[in-house]
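# A look at the structure
One-letter residues, chain by chain:
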Amino acid sequence: MLRSLRRSTALAGGCVAALGLGLVLAAGSPATAAAQTSVRTSVQTDPNGRYTAEEIHHFLEGFYGNHGPTDWERKHLVSDQLKEKAAENPDFDVLLCAQNTPRDIEVGEVTTAQSAGVGWATITTTWDGSPQTASFTAYVDLDGSKPMKLLDVYCGTDG
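None of the values given here were measured: they were computed from a predicted structure.

Next up on the list: the sheet that holds strand 1 (residues 104–113). Backbone-to-backbone hydrogen bonds pair the strands of a sheet. The strands run either parallel or antiparallel. Taken together, 4 strands build an open sheet; the order of strands is 1-2-3-4 and the sheet is antiparallel. The open sheet has two edge strands with one neighbour each: strand 1 and strand 4 (150–154). Strand-to-strand twist in this sheet, taken as the mean axis angle between neighbours without regard to direction, amounts to 25 degrees. Where strand 2 (residues 118–126) and strand 3 (residues 133–141) come together, 9 bridges link them in antiparallel fashion. The partner of W120 across the bridge, within strand 3, is Y139. Contacts between helix 3 (residues 53–64) and the sheet are confined to strand 1, strand 2, strand 3 and strand 4, with strand 1 contributing the most and set at about 155 degrees to the helix.

What follows deals with the environment of T111. By secondary structure assignment, the location of T111 is in strand 1. In this view, T111 contacts V118, G119 and W120; residues no more than four positions away in its chain are not counted.

In terms of strand pairing, strand 1 meets strand 2 through 8 bridges, oriented antiparallel. Following the sheet pairing, A113 is matched in strand 2 by V118. Where strand 1 hands over to strand 2, the hairpin turn is made up of 4 residues, of which G117 adopts a positive phi near 75 degrees.

Conventions used here
- Residues numbered from 1 in each chain as written.
- Predicted model: local features only at pLDDT ≥ 70, side-chain atom pairs only at ≥ 80, totals over all residues.
- Heavy atoms only, no water.
- Pairing = 2+ DSSP bridges.
- Helix = DSSP H or I, 4+ residues; strand = E, 2+ residues; numbered from the N terminus.
- Axes fitted to C-alpha atoms, helices over the stretch in contact; angles between N-to-C directions.
- Contact = heavy atoms within 4.5 Å.

Printed below as a string of structure tokens:
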């Protein structure tokens, strides 16, 4: 019994490793990214059909990555209103609240306001040649019936 249990565990571990490798290999294409976004946006919403803080955090981490969104993400994962805002500011990257590419990006804790229908997180950027960081707030719609998109970005500071 113990031997067959070990064999089943070893086989399952090998399948998981093979699946992980397949996902890593497939993750490079935009079509795969679209499929992953589609799956992510329709599987784990809360019982009320809203995205959860965990799902929004995962989306924002994928969207911003380590150095900012790709052209594909900018085209497909941003609200039309935010695209217009970005087009009106050609010398400033509205999605990063900056003019350059950051060295690193961290997504903070997500807050959701069900009554407002949005979730948000503080995004912190680190820049080459500077020990200082910059922060801004990114907003995502909670409506789980729609594909998840970045709704807006607030670059201002409080105080």
